[in-house]
Amino acid sequence: MHLLLWLRERDRGWGALRRAGRTAVVMPATFALGEKVIGNATIATFAAFGSFALLLLVDFSGPMRDRLQAQVALSVVGALLVCGGTLASRAPWLAAVAMAAVGFGLIFAGVVSSVLAGATTSLLLAFILPVSLKAPVSSIPERVAGWAMASVAALIAVALLWPTPAQDPLRAQASQACRALAARLRAEIRQLSDDGSGLDGVDPDAADAQADIAVGTLHKIFLATPYRPTGLSTPARTVVRLVDELNWLNAVVINSAAPHAHGVEVNGAVSEVKWAAASVLECGADLLAVRGGQPDALEAALAGLRQALATMEQNATTELPIQRVPDGSDGPATDERFREIVTALDPSFRAQELSFVVSQIARNIALTSAAERRTWLDRVLGRQPAGLVSTLSAAQQRAAAHAERHSVWLHNSVRGAVGLGAAVFVANLSGLQHSFWVVLGTLSVLRSNALNTGESVVRGLLGTASGFIVGAAMIAAIGTNTALLWFLLPVAILFAGIAPAVISFAVGQAAFTVTLVILFNIIAPAGWRVGLLRVEDVAIGCAVSLVVGLLFWPRGAAAALGNALAEGYVESARFLTAAVEFGLLRCDDQAPGLANSPAPSDQSVQAAAASRRLDDTFRSYLAERGPKPVPLSAITGLVTGVASLRLAADAIVDLWQRDDGQAAGDRAAARKELQSTSRLVQSWYDDLAASLTGRAETPDPLDRDIEADRRLIDAVRRDLRSVDSQANATAVRVIWTGDHLDAIRRLQAALVEPARAATERGAHYRRRGRRLPATGLSTSASG
């Protein structure tokens, strides 16, 4: 009983035990079929290692159909790699070059999809084994037969042996977050209505707390895996977008609720927008809860939100205090009237900001549902719902985002390729009997930086040596009793599968060594010498990985995180400035030929690419061993700040895209004010980026420029008082654009302290002449 509790604590969901149990059943069975029934050692070897790769090193998630499809695809690609590895094994130089090229391609392909990333080690093993064991072309059928035998057995085991429950934790939690945010919105509206008498027993504070917990849990699930949890399938691509949008929505809801208090007059149109937004969130949660559901309710709720937003925008100008000023009062806005205008427009701006992000959430949920309702033929032909790029285009965008010199994923791909290629070359050049163990040793310990590689080398060697001692003692005691070896084989496999997850990497290495000693003594009894050979070969592989780790980007994920954060802020701030310029050109007919300028798509793509690189770098940072004295909440705040900046730019683009771009009038003064503000904000974020890489001090937050706000209102005062409704709406959009910029300015206060905590620690370590450990963000400007 205590053992089960201990396992449950360390193996939540029984994932490691499930994989190890399947492998313990299938691997000995396929090995016995090849060795005893067919009588072919090559088939037996590839069947055994194929079972190991297909069952223990990978565990696909999602519905059973998707898992089986992924398993079949892995088997087919693995068979091709077995053929290619055998062909390349004939010459040492060709084997090394092929290993490096295939290694880079397989590791880098993980940026495209978490499914590919999770299968990387299995695919690498499918190539490492044949390329490290030199054999003629005539051996390809035997090798492929062994792999095929393992593939069929693995497919049956995944479907029938303790199948993983079909679950999508990210999607389920996104649905819960939508419901919690809807409840929070409704509680806020009820609290403001009738002095709180409409709450019907709902505790607003409890609703706030539940929404915070739901959104926080969603973010934790998103960051819990070493790879970005999204595949190339359309539903996977759309669901993952909800994470940033729901995080931002929670912040928007908090900000919109803050200025209100009991007794304050409530804007009915704004409340209608919030109530309609809550309905959209609830319908979206319902649609996320089922696969391929009908979107009728969501579309109806979204139409209601659009209608409420249009009514609110129309009322936003007619109810302004400036409309009550007598004709001829054209002087500058007084302090009192300025405050009245700002106060009157602020709730409508918050509601407009809210409606934008809720509409984005609803759109992604609707696309998810539409993708799941496609016919089998549409899926095969790659036909996407309207509004989504093709699977190939999505893959190209993700790969292009990491084809950049600061990308951690690119660094790891190059490092892995060079390390594996060098290991194959050294193994072949030295003529070792089991040369593939050298490459397995390299693969086992190669990590993202030299420090961690060194730690893995020590642990790997200690584990392997311990396994050798245990295995040698076992073989000495058993002798040539193969029946007992067959009995111990599944036990050793089971322990080797569980140990890395529930005990440690070193114990896992020891158990794996014992497994190999048993396996090869069944094929060709050699006693304890098999274990000794593995210790020697793994030591060579560890040495190769250590040298490669020292030569290629040895600073690790911490310095790379600083660079990724800097790039994220620079690109997102650049997108923000371009979004403001896009809107201003659409509202000023004094800019010939520019009123219908296209949206800043290039800047949007660059900002999204920087965000993807930041996300992957942050995951590497979280997975890196070592203490993290800077609070994780501070680093997470810096990461989410990039998403807030980018989404604010998206909101500005959406605000002006809903304008027809035909407003007449000279708004040069308004353009000048907003351009000046946006460039000032962009400059601040550029300075913040420089501080994160140690090139500048962390800047103080910008103070609100009341005079600039007053000048902006004066610049559009005539439009606000005009009888032309188009001019009214354009003036309000100009002020709302300024509000978006002010919201981004207010974000700075939340970023300064964590940025200083990280950069001051980096400066402290540099002054003492010490290497910065895994938490420093400002070690250098280069990766």
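This text follows the structure it describes.
J.: In this structure, what is going on with the nonpolar core? I would like to understand it.
T.: If you look at soluble globular proteins, the nonpolar side chains tend to sit buried side by side. Counting residues in each nonpolar core, the largest one holds 105 residues, and the members touching the most others are L246, L249, Y569 and Y685. The greatest single-element share of this core, amounting to 13 residues, is contributed by helix α25 (residues 632–657). Those residues in contact with Y685 that sit more than four places away from it in its chain are Y569, A573, L645, I744, L747, Q748 and L751. Among the nonpolar cores identified, the runner-up in size contains 69 residues, and W14, L54, F108 and L519 belong to it.

J.: Got a minute to help me understand unusual backbone geometry in this structure?
T.: Most peptide bonds adopt trans geometry, and most residues besides glycine take a negative phi value. Residues other than glycine seldom take positive phi values, yet W162 does so here, at roughly 45°. Turning to its location among the elements, W162 is positioned in the loop between α8 (140–160) and α9 (169–192). Taking the relative accessible area as the measure of exposure, W162 reaches 41% and is therefore partly exposed.

J.: How do you make sense of empty space enclosed by the protein when you look at a structure like this?
T.: A probe matching the size of a water molecule, rolled over the atoms, marks out where space remains unfilled. In total, this model carries four cavities of 30 Å³ or more according to the counting rule given. The volume enclosed by the second largest cavity comes to roughly 50 Å³. If you trace the second largest cavity, you find it lined by R22, L54, L55, V58, D59, F60, R67, Q71 and V158. Residue assignment for the lining of the second largest cavity shows that the elements contributing at least two residues are α3 (41–56) and α4 (64–88).

J.: Looking at this structure, I do not really get the packing of α9 against helix α12 (residues 268–288). What am I missing?
T.: The packing of two helices is summarised by the inter-axis angle and the distance between the axes. Contact geometry for α9 and α12: axes closest at 8 Å, N-to-C directions at 155°. Viewed along their axes, α9 and α12 adopt a mutual orientation that is roughly antiparallel. Handedness of the α9/α12 crossing: left-handed. Taking contact as the criterion, the partners of R171, A174, S175, C178, R179, L181, A182, L185, R186, E188, I189 and R190 in α9 are, on α12, S271, K274, W275, A277, A278, S279, L281, E282, A285, D286, L287 and L288. Residues that form the contact of α9 with α12 fall into these classes: 13 nonpolar, three polar and eight charged.

J.: So what exactly am I meant to see when it comes to the packing of aromatic side chains here?
T.: How two aromatic rings sit relative to each other is set out by the distance from centre to centre and by the angle between their planes. With the rule as written, the count across this model stands at five aromatic pairs. Judged by centre distance (6.2 Å) and plane angle (80°), the ring pair of W248 and F356 falls under edge-to-face. You can see W248 sitting in helix α11 (residues 234–257) and its partner F356 sitting in helix α14 (residues 335–372), a full 108 residues away along the chain. Judged by relative accessible area, which is 5%, F356 ranks as buried. A ring pair is formed by Y569 and Y685, whose centres lie 5.8 Å apart and whose planes are at 15°; its orientation type is stacked. Note that Y569 is positioned in helix α23 (residues 557–586) and Y685 in helix α26 (residues 668–692), a separation of 116 residues in sequence. Here a set of aromatic residues connected by ring pairs shows up, and it is made of Y569, W684 and Y685. Between R18 and the ring centre of W162, over which it is positioned, the NZ or CZ distance is 4.8 Å. It is R186 that lies over the ring of W275; its NZ or CZ is 4.2 Å from the centre.

J.: Help me understand α4 in this model?
T.: Taking 1.5 Å of rise per residue, 25 residues should cover 36 Å, and α4 covers 36 Å from first to last C-alpha, within 8% of that figure. Taken together, the buried positions of α4 are occupied by R67, A70, Q71, L74, S75, G78, A79, L81, V82, G85, T86 and A88. Those residues of α4 that are buried are in contact with α3, α5 (92–108), α6 (114–118), α7 (120–132) and α8.

J.: Is there a simple way to explain the packing of α4 against α7 in this structure?
T.: The interhelical angle for the contact between α4 and α7, taken along N-to-C directions, is 25°, at an axis separation of 7 Å. With respect to α7, the axis of α4 lies roughly parallel. Of the two elements, α4 crosses α7, and the hand of that crossing is right-handed. From α4, L74, V77, G78, L81, V82, G84, G85, T86 and A88 reach across to α7, where they touch S122, L123, A126, F127, P130 and V131. Split by residue class, the contact of α4 with α7 holds 10 nonpolar, five polar and no charged.

J.: Just checking my understanding: could you explain α8 for this structure?
T.: It helps to recall that an α-helix has 3.6 residues per turn; residues three or four apart then point in one direction. Its 21 residues give α8 an end-to-end C-alpha distance of 30 Å, which sits within 8% of 30 Å, the value for a rise of 1.5 Å per residue. Its buried side turned inward, α8 meets α2 (15–38), α3, α4 and α7. At the C-terminal side of α8, W162 shows a positive phi close to 45°.

Quick notes on the rules
- The numbers attached to residues start from 1 for each chain and follow its sequence in the written order.
- For a predicted model such as this one, the threshold for reporting local features is a pLDDT of at least 70, and the threshold for listing and counting side-chain atom pairs is 80 or more; totals across whole chains, interfaces and linings nevertheless cover every residue.
- Where side-chain values are given, they derive from all heavy atoms of the structure, hydrogens and water being excluded.
- The criterion is simple. A nonpolar core is a set of buried Ala, Val, Leu, Ile, Met, Phe, Trp, Tyr and Cys residues joined through side-chain atoms within 4.5 Å.
- Each residue is assigned to one of three classes by its accessible area relative to the maximum for its type, calculated with a 1.4 Å probe on protein chains only: buried under 20%, partly exposed between the two thresholds, exposed over 50%.
- Counting from the N terminus, the helices are the DSSP runs of H or I reaching at least four residues and the strands are the DSSP runs of E reaching at least two.
- Working rule for contacts: check all heavy atoms of both residues, and any pair within 4.5 Å makes them a contact.
- Two kinds of site are reported from a 1 Å grid over the protein atoms alone, namely cavities, where a 1.4 Å probe fits but cannot get out, and pockets, open sets with protein on both sides within 12 Å along at least five of seven lines, and residues are called lining when an atom falls within 4 Å of a point.
- Grid points are joined across faces, edges and corners, and a volume is the space filled by probe spheres set on the points.
- An axis is simply a line fitted to the C-alpha atoms; with a helix, the fit covers only the stretch in contact. Between two such axes, the angle follows the N-to-C directions and lies from 0 to 180 degrees.
- Roughly parallel covers angles under 35 degrees, roughly antiparallel covers those over 145, roughly perpendicular covers 65 to 115, and oblique covers all other angles.
- Here a crossing is called left-handed whenever its near helix is offset anticlockwise from the far helix by less than a right angle, and right-handed whenever the offset is clockwise.
- Three classes are used: nonpolar for Ala, Val, Leu, Ile, Met, Phe, Trp, Tyr, Cys and Pro, charged for Asp, Glu, Lys and Arg, and polar for all others, with Gly counted as polar.
- Side-chain rings of Phe, Tyr and Trp, where Trp is taken by its six-membered ring, are said to pair if the distance between their centres is within 6.5 Å; with planes under 30 degrees apart they count as stacked, over 60 as edge-to-face, and otherwise as tilted.
- For a Lys NZ or an Arg CZ to count as sitting over a ring, it must be within 6 Å of the ring centre and within 35 degrees of the ring normal.
- Multiply 1.5 Å by the residue count of a helix minus one, and that product is the helix's expected span.

Keep in mind that these numbers describe shape and distance, not what the molecule does.
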